[in-house]
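Remarks on the overall topology
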Amino acid sequence: MALSKPTFLSHLKTLTKPPHHPSPSFFLSCRLLSFATPEEAAAERRRRKRRLRIEPPLNSLRHTQPQQRPINPNPNPNAPKLPESVSVLTGNRLTLHNKILTLIRQNDLDEAALLTRHSIYSNCRPTIFTCNAVMAALLRQSRYSDLLSLHRFINQAGVAANVVTHNLLINAYCDCRKTDTALEHYKQLINDAPFNPSPTTYRILVKGLVDNNKVDRAVELKDEMLEKGLAPDTVVYNYLMLGLVKKSDPDGVLALYEELREKLGFLLDGMVFGNLMKGYFLKGMEKEAMDCYEEAVGENSKVRMAAVAYNSVLDALSKNGKFEEAIRLFDRMMVEHNPPRRLTVNLGSFNVMADGFFAQGRFEEAIEVFKKMGEKRCSPDSLSFNNMIEQLCGAGMVAEAEGLYREMGEQGIKPDEFTYVLLMDSCFAQNRADDASGYFRKMVESGLRPNAVAFNKVIDGLIKVGNIDEAMVFFGQMVEKLKVDSANYEMMFKALGEAGKLDELLKLVGDMLKEESVGLSSELQEVAADALRKGGREEELMKLLEEKEREKAEAAAAKEAEAAEAANASSTVAESESINFSAEGILAEETIGTEAADDGESSETADSGEVGGGLDPADATEEVEGANKADADDESGGRKEV
DNA sequence: TCGCTCTACC
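All of these numbers come straight from a predicted model, not from anything done at the bench.

1. Observations concerning the overall build of chain A
Scanning chain A from N- to C-terminus turns up 33 helices and zero strands. By the burial criterion, 37% of the 642 residues in chain A qualify as buried. A fraction of 64% describes how many contacts in chain A between residues 6 or more apart in sequence connect residues 24 or more apart.

Rendered as structure tokens:
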């Protein structure tokens, strides 16, 4: 049973300082208890904001030792500026804020970002809240480089970042699997920012670390959070337990649960029960797992279970031989669901149940439960569709999967790289290579950006059915759009050799020598030579290489001549020396040059005393721009933004 | 009245 609102608030008031000086623990408690409905949560957020408006919120957000950073009477111009408080969100600036929010809602992020930038130097500066809203929207769409570039812009324009800004950046780094950069940013936040990290900072970082299989570091971070005097956070503990479940460390799961329980006493929030059950199931302690189940959802349970918490329990049941119980619980959730007061199912509930039915081989019921989403005003997102398509493809029901793909189009849900790669894989598996490459083309046409894994799949699949010509076309696109390595070339060399397409092979070697982005290593040269030898055309490779050498020498000579001329003209020895680099050096030189330029830029930013000098992530921009959330280990393709 | 980050599953 949820506490009624007045009781809840008055209870909190007795526990905390008067509302004029809301203590950190006040805010934390709110978070911990969470709310029965989004409306209730929104109402509380509004109340909180009104309170914050009476007084600058910054002091109240500083959880520890405020005396550590006294207000300096002679402020150093290089010191980071304090962010503005919500109270500035009035008048023109509020109008601008709302205008930009409208653009975001209309999904016109380019316009929103542009308006934000243009307003910076107008008489109506956007507030940090407006900038955060735009950056958050960019983050949601995985437009990381746009996010970083907007941040750099407002940073240089002197809009002081607040903790939410930092959380957004840390989140972006985590999403790009750059957890080290995220941790670096967190460290700089601790050292340099005029405020402390918030509980959300820890939630983002812990989730990012867990998602990237760095549970140990995540546990350390949780301890840091506690050391800073922040309240133990159920969400953080839940992420950690999830990570330990994935690592098959049930003892760790149970220990974390015990720790949380010890710190909080009674667990009002049922968030962790699913993972706790999984911990017991991992240990083979089914009875204990079901005792937890009873504790969480039993008749007299006082534990508050929202949709997410229920879903996690559903998952624990269905993955551990208790699917019939999961069905019973799901039915109950459907009955209890009573929006807007009580939300006990969401789209995830249907996804978990569909997965459960699939695991049982009950395909019709899986599809049926998926379609039931609409009944509760849940609509599947691309993740839900992908999940279904994956399951259907896995069960060999490719026609049904393709039906769902068409339905996505009808419902205006955009398929992503993952969708296309799934369909492509399945078509190849069914000897429908043309359809497979058709899906690949559709992916590119719809503006998605296949990653190396996706390219390799389509190329490999086409080679296997002997469609070398089309494979070459895609290989050409891949060279153009992505960094290819010698392994990619090796695959192509071998395929062309096996198909006897030696002209194409020689052309590829020629292109490769021209591009120079991937060196023709001796191993690679051997692969090419091997293939050509079978056709008795090895000499042609030698000729090609010799020709290249000659060209190189000619180019070097020409350069030297030019250099000599230049040297004569200006009579400086140094100049002629600096130009006397051979072609081989150019690539390395360029790399160093780029790095140097970046360094120069970021130190410039720090020197000019811009806000959050040391926190400027500009130096990491390149890295994240090149980062591909999906590149690392799945095939959903990346969104390298332009 | 509304207005910023995080809360299951590829």
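2. Focus on the nonpolar core
In this structure, L240, M241 and V313 are the most contacted members of the largest nonpolar core, which totals 142 residues. In terms of residue count, helix α13 (residues 234-246) provides more of this core than any other element does, nine residues in total. The two domains that each donate at least three residues to this core are domain 2 (84-152) and domain 3 (485-552 + 581-595). In this structure V313 touches F273, G274, M277, Y293, A296, V297 and L329, once residues within four positions along its chain are discounted.

3. So, the protein's contact with DNA strand B
Close to DNA strand B lie 38 residues; N132, A136, V164, N167 and G348 are nearest. Across the surface near DNA strand B, the residue classes break down as 18 nonpolar, 16 polar and four charged.

4. A look at the UniProt feature "repeat: PPR" (unreviewed entry) in chain A
UniProt records the feature "repeat: PPR" (unreviewed entry) at residues 162-192, 198-232, 306-340, 346-380, 381-415, 416-450 and 451-481, using the numbering of this structure. Helix makes up 74% of residues 198-232 and strand makes up 0%, while its end C-alpha atoms are separated by 12 Å. Secondary structure over residues 451-481 splits into 87% helix and 0% strand, and the C-alpha atoms at its two ends are 9 Å apart.

5. What about the packing of helix α9 (residues 163-175) against helix α10 (residues 179-192)?
Taken N-terminus to C-terminus, the directions of α9 and α10 make an angle of 160°; their axes are 7 Å apart at the nearest point. As summarised for this structure, α9 and α10 are arranged roughly antiparallel, according to the angle between their axes. Here α9 and α10 pass one another in a crossing that is left-handed. Between α9 and α10, the contacting residues are H166, L169, I170, Y173 and C174 on the first element and T179, T181, A182, H185, Y186 and L189 on the second. The class makeup of the residues in the contact of α9 with α10 is seven nonpolar, four polar and no charged.

6. Some words on unusual backbone geometry
Residue P340 follows P339 across a cis peptide bond; omega there is 0°. Looking at the secondary structure, you find P340 in the loop between α18 (323-336) and α19 (347-359). Backbone geometry places N213, a non-glycine residue, at a positive phi of 60°. For N213, the position within the fold is in the loop between α11 (199-211) and α12 (215-227).

7. Brief notes about the environment of M472
Its place among the elements puts M472 in helix α26 (residues 468-481). Considering only alpha carbons, one finds M472 and L505, 33 residues apart in sequence, at a separation of 10.0 Å.

8. What about the environment of A309?
As for its placement among the helices and strands, A309 is situated in helix α17 (residues 307-318). Residue class for A309 comes out buried when judged on the 23 C-beta atoms lying within 10 Å of it. Along the chain, A309 and F273 lie 36 residues apart, while their C-alpha atoms are 7.3 Å from each other. Setting aside residues no more than four positions away along its own chain, A309 makes contact with G270, M271, F273 and G274.

9. Regarding helix α27 (residues 486-498)
In a regular helix each residue adds 1.5 Å, so 13 residues correspond to 18 Å; α27 covers 18 Å between its end C-alpha atoms and thus fits that length. Residues of α27 that are buried make contact with α25 (452-464), α26, α28 (502-515) and α29 (522-534).

10. Details of helix α20 (residues 363-371)
Listing the buried residues of α20 in full gives A366, I367, V369 and F370. Down the axis of α20, the buried set is contained in an arc of 165°. They therefore lie on one face. The elements touched by buried residues of α20 are α19 and α21 (382-394).

11. Structural notes on the packing of α19 against α20
Running from N to C, α19 and α20 point in directions that differ by 175°, and their axes come no closer than 7 Å. Accordingly, the angle class assigned to the pair α19 and α20 is roughly antiparallel. Here α19 contributes F350, M353, A354, F357 and F358 to the contact with α20, which in turn contributes F363, E365, A366, V369 and F370. Here the contact of α19 with α20 is built from residues that sort into nine nonpolar, no polar and one charged.

12. Things to note about the environment of K322
As for its position among the elements, K322 is in the loop between α17 and α18. Taking C-alpha positions, K322 is 58 Å from N92, a pair spaced 230 residues apart along the chain.

13. Some details on the confidence of the model for chain A
Should the pLDDT be low somewhere, the predicted coordinates at that spot are not to be read in detail. Per-residue confidence for chain A gives a mean pLDDT of 80, with 76% of residues at or over 70. Note that residues 1-41 has pLDDT below 50 and, in this model, 44 contacts with residues that lie over four places away or in other chains. The model gives residues 572-623 a pLDDT under 50, and that stretch makes 68 contacts with residues more than four places away or in other chains.

Calculation notes
- Residues numbered from 1 in each chain as written.
- Chains lettered and ligands numbered in written order.
- Predicted model: local features only at pLDDT ≥ 70, side-chain atom pairs only at ≥ 80, totals over all residues.
- Helix = DSSP H or I, 4+ residues; strand = E, 2+ residues; numbered from the N terminus.
- Buried ≥ 20, exposed ≤ 12 C-beta atoms within 10 Å, placed from the backbone.
- Contact = placed C-beta atoms within 7 Å.
- Core = buried A, V, L, I, M, F, W, Y, C linked by C-beta atoms within 7 Å.
- Domains from an automatic or database assignment.
- Near = placed C-beta within 6 Å.
- Nonpolar A, V, L, I, M, F, W, Y, C, P; charged D, E, K, R; others polar.
- UniProt positions renumbered as here; feature names shortened; annotations may be inferred.
- Axes fitted to C-alpha atoms, helices over the stretch in contact; angles between N-to-C directions.
- Parallel < 35°, antiparallel > 145°, perpendicular 65-115°, else oblique.
- Left-handed = near helix turned anticlockwise from the far one by under 90°.
- Expected span 1.5 Å × (residues − 1).
- Arc of directions from axis to C-beta.
- pLDDT = per-residue confidence, 0-100.

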